[in-house]
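Chain by chain, the residues run as shown.
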Amino acid sequence: MASSYVQKVIRSVKKSNPHQPEFIQALEEVLHSLEPLFLKDPKYQQNGILERIVEPERQIMFRVAWTDDKGRVQVNRGYRVQFNSALGPYKGGFRFHPSVNLSILKFLGFEQIFKNSLSGLSIGGAKGGSDFDPKGKSDAEVMRFCQAFMTEAFRYIGSTIDVPAGDIGVGAREIGYMFGQYKRLTSSFEGVLTGKGLKWGGSLARKEATGYGSVYFASNMLKARNMDLEGATCAVSGSGNVAIYTIEKLYQLGAKPVTASDSRGCIYHPGGINLDALKQVKEVERASLARYAELCKDAKYIPAKEYPKDQHPVWNVPCKLAFPSATQNEVSGADAANLIKNGCVLVCEGANMPSTPEAVEAFLQAGLAFGPGKCANAGGVSTSQLEMAQNASMQSWTFEEVDAKLKNIMANIFKAAHETAEEFGVPGNYVLGGNIAGFRKVADSMIEQGLY
């Protein structure tokens, strides 16, 4: 039976990967939703696809030694998990954050396989990063770290091998420093990193893409229910690129976002988030959201220490639409209950796996329109691939051209998830629809390419 096959693989992975809860969580969510596919077509079990796809093709871990501004030696750990290359060169971000470990990167890399598959573009799945924290570091310290990191990582990447992008803690500054070091080490100017500066190979709309894409996916979900974004009150978590440009696109399409958050607290602005103030605080000053409350006196700031342990105030605000756009497992079962109680009809994940399994189950049981991250936040990696295409052809597209391509990609991802959910008798279940649609393309490619 398919269920025994899935359970056998999960048991094996748990045994060989103890103490990796984030990876196991992502694995179980995907594998259980694939059971209808295994019942329908035995070729995947016969070809050992699950056993192969849950094991990264390559896991790289290395020491990163650098000096701080006082001349003291600091040491961090660097990683690159190259998960699957069936569809193209590995593609996935570098994350610099104290929480980075192998479990988190394997969960992100595993999810990336299917997200990239759903995009319809020729890219495989990977993830990497370091437990280095850019917060509170000078530009010179960040540069020295990035140069040390790339001195190790450059051996494993390349424009047709592995093309990393940015992620949490890795923005244009960090990409620039790493690209410069790659160029120094290889004497090669190539599209090896995405998220580059616009003057030297970057793509317009890349910074906005994940947030914009999430809103485009939400719009498609609403359209399927004969609804739209116009006038909808929206709760958004996070205050990085994803959250900021989710808020920007929501305003462009007529909605009203009223929240934002960071690791130190949450803003609730009933009149609507002041986008200029938010960008000033987070993109220019790189300050806490407490600063936003100083600039916008009618906004309420709630420090993180006042949060109940299993609840986040962002999800206790009356809203029609919710956009978790910060980090993994930020929406608990209790948060889901609050959202449902307060009249929320749609949850669209701009972050990677921001909803716990209990929250996802509650959303599906309540009949909410739920856009899982591997569908809804695929806009960033999709536009990264568009940057790769521009680099390869030595062209530069306008913002409008890239945005139009992004909007079309998100519509196609929705269509694939929607039609696959209907094919398997669970209309509107984009978790199952997205997982099966993404998996099937990768698995078929692996079978066609033989054992490798």
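The rules behind the values
- Residues numbered from 1 in each chain as written.
- Predicted model: local features only at pLDDT ≥ 70, side-chain atom pairs only at ≥ 80, totals over all residues.
- Heavy atoms only, no water.
- Disulfide = S-S within 2.5 Å.
- Buried < 20%, exposed > 50% of the residue type's maximum accessible area, 1.4 Å probe, protein only.
- UniProt positions renumbered as here; feature names shortened; annotations may be inferred.
- Helix = DSSP H or I, 4+ residues; strand = E, 2+ residues; numbered from the N terminus.
- Contact = heavy atoms within 4.5 Å.
- Core = buried A, V, L, I, M, F, W, Y, C linked by side-chain atoms within 4.5 Å.
- Domains from an automatic or database assignment.
- Expected span 1.5 Å × (residues − 1).
- Buried area = accessible area lost by both parts, 1.4 Å probe.
- Salt bridge = Lys/Arg side-chain N within 4 Å of Asp/Glu carboxyl O.
- Polar contact = N/O pair within 3.5 Å; in protein donor to acceptor, adjacent residues only side chain to side chain.
- Nonpolar A, V, L, I, M, F, W, Y, C, P; charged D, E, K, R; others polar.
- Axes fitted to C-alpha atoms, helices over the stretch in contact; angles between N-to-C directions.
- Parallel < 35°, antiparallel > 145°, perpendicular 65-115°, else oblique.
- Left-handed = near helix turned anticlockwise from the far one by under 90°.

Student: Whenever I open this one, the state of the cysteines confuses me. Can you help?
Tutor: By definition, a disulfide is the covalent link that joins the sulfur atoms of two cysteine residues. Counting across every chain of the model gives 0 disulfides. Between C296, a cysteine without a disulfide, and C266, which holds the nearest cysteine sulfur, the sulfur-to-sulfur distance is 14 Å. Not engaged in a disulfide, the cysteine C375 finds its nearest cysteine sulfur in C348; these two sulfurs lie 9.1 Å apart. Residue classification places C375 among the buried residues on the basis of a relative accessible area of 0%.

Student: When you look at the UniProt feature "binding site: substrate" (unreviewed entry) in the chain in this model, what are you seeing that I'm missing?
Tutor: Following the UniProt record, one finds the feature "binding site: substrate" (unreviewed entry) at K91, Q112, K115, G166 and S384. Summarising the element assignment, Q112 is placed in helix α6 (residues 102-118). We classify Q112 as buried; its relative accessible area is 3%. Beyond its immediate sequence surroundings of up to four residues, Q112 is in contact with K91, G92, G125, A126, K127 and V381. The class of S384 is buried, set by a relative accessible area of 0%. Other than its neighbours up to four places away in sequence, S384 contacts K91, A165, T194 and R206.

Student: I'm lost on the nonpolar core in this one. Help?
Tutor: What tends to happen in soluble globular proteins is that the nonpolar side chains get buried as a cluster. Counting 57 residues, the largest nonpolar core has F217, Y292, F323 and L346 as its most contacted members. When residues in this core are grouped by element, the largest group, 8 residues, is from helix α9 (residues 209-224). Two domains each provide a minimum of three residues to this core, namely domain 1 (56-186) and domain 2 (208-371). With 40 residues, the next largest nonpolar core counts I49, V81, F107 and F439 among its residues.

Student: I tried to follow helix α17 (residues 399-423) on my own but got confused; where do I start?
Tutor: Think of an α-helix as 3.6 residues a turn; residues three or four steps apart then line up on the same face. Look at α17: 36 Å from first C-alpha to last across 25 residues, which is about the 36 Å you get at 1.5 Å a residue. Buried within α17 are the following residues: V402, D403, L406, I409, M410, I413, F414, A417, T420 and A421. Structurally, α17 contributes buried residues whose contacts are with α6, α9, α10 (241-252), α15 (373-376), α16 (379-393) and α18 (430-449). G425 sits one or two residues past α17 and shows a positive phi near 80 degrees.

Student: What should I look at first to understand the domain arrangement of the chain in this one?
Tutor: Often the size quoted for an interface is simply the accessible area lost on bringing the parts together. Structurally, the chain comprises domain 1 (56-186) and domain 2 (208-371). Centre-to-centre, using C-alpha coordinates, domain 1 lies 27 Å away from domain 2. Carbon and sulfur atoms make up 41% of the surface buried where domain 1 meets domain 2, a total of about 660 Å² over both sides. The largest per-residue losses of area from domain 1 upon contact with domain 2 belong to F107, K135 and R173, which jointly make up 47% of the total buried on that side. Between domain 1 and domain 2 we count 0 salt bridges in total. The interface formed by domain 1 and domain 2 contains 3 residue pairs in polar contact (both at pLDDT 80 or more). The dominant element in the side of domain 1 that touches domain 2, judged by the number of residues it contributes, is α6, at 4 residues. Class assignment for the residues of the side of domain 1 that touches domain 2 results in 4 nonpolar, no polar and 5 charged.

Student: What should I look at first to understand the pattern of salt bridges in this one?
Tutor: One side chain can pair with another of opposite charge once the charged atoms of both are near each other. Under the counting rule described, the total for this entry stands at 20 salt bridges. For the salt bridge of K374 with E29, the shortest nitrogen-to-oxygen distance reads 3.3 Å. Of this pair, K374 sits in helix α15 while E29 sits in helix α2 (residues 21-33), and the two are 345 residues apart along the sequence. We classify E29 as partly exposed; its relative accessible area is 29%. The closest approach of N and O atoms between R291 and E294, which form a salt bridge, is 3.2 Å. Taken together, the residues R291 and E294, both in helix α12 (residues 290-295) and 3 residues apart, mark about one turn of the helix.

Student: How should I be thinking about the environment of I157 in this particular structure?
Tutor: Position of I157 relative to the elements: it lies in the loop between α7 (139-153) and β5 (162-165). By relative accessible area, I157 is classed as buried at 5%. Residues I157 and Q82, 75 residues apart in the sequence, show an inter-C-alpha distance of 9.9 Å. Look past the residues within four positions of I157 in its chain and what remains in contact with it is M150, D162, P164, Y182 and V192.

Student: Looking at this structure, how should I read α7?
Tutor: Taking 1.5 Å as the rise per residue, α7 with 15 residues should run 21 Å; its terminal C-alpha atoms sit 20 Å apart, in good agreement. Among all positions of α7, only E141, V142, F145, C146, Q147, A148, F149, M150 and A153 are buried. In this structure, the buried residues of α7 make contact with β1 (58-67), β2 (73-84), β3 (90-96), β4 (125-130) and α8 (172-186).

Student: What should I look at first to understand the packing of α10 against helix α11 (residues 275-284) in this one?
Tutor: The description of two packed helices rests on the angle between their axes and on the distance between the axes. α11 packs onto α10 with a crossing angle of 165 degrees between their chain directions and a minimal axis gap of 11 Å. One element, α10, and the other, α11, form an angle in the roughly antiparallel class. As α10 runs across α11, the sense of the crossing is left-handed. Facing α10, whose interface residues are N241, I244, Y245, I247 and E248, α11 presents L275, L278, K279, K282 and E283.

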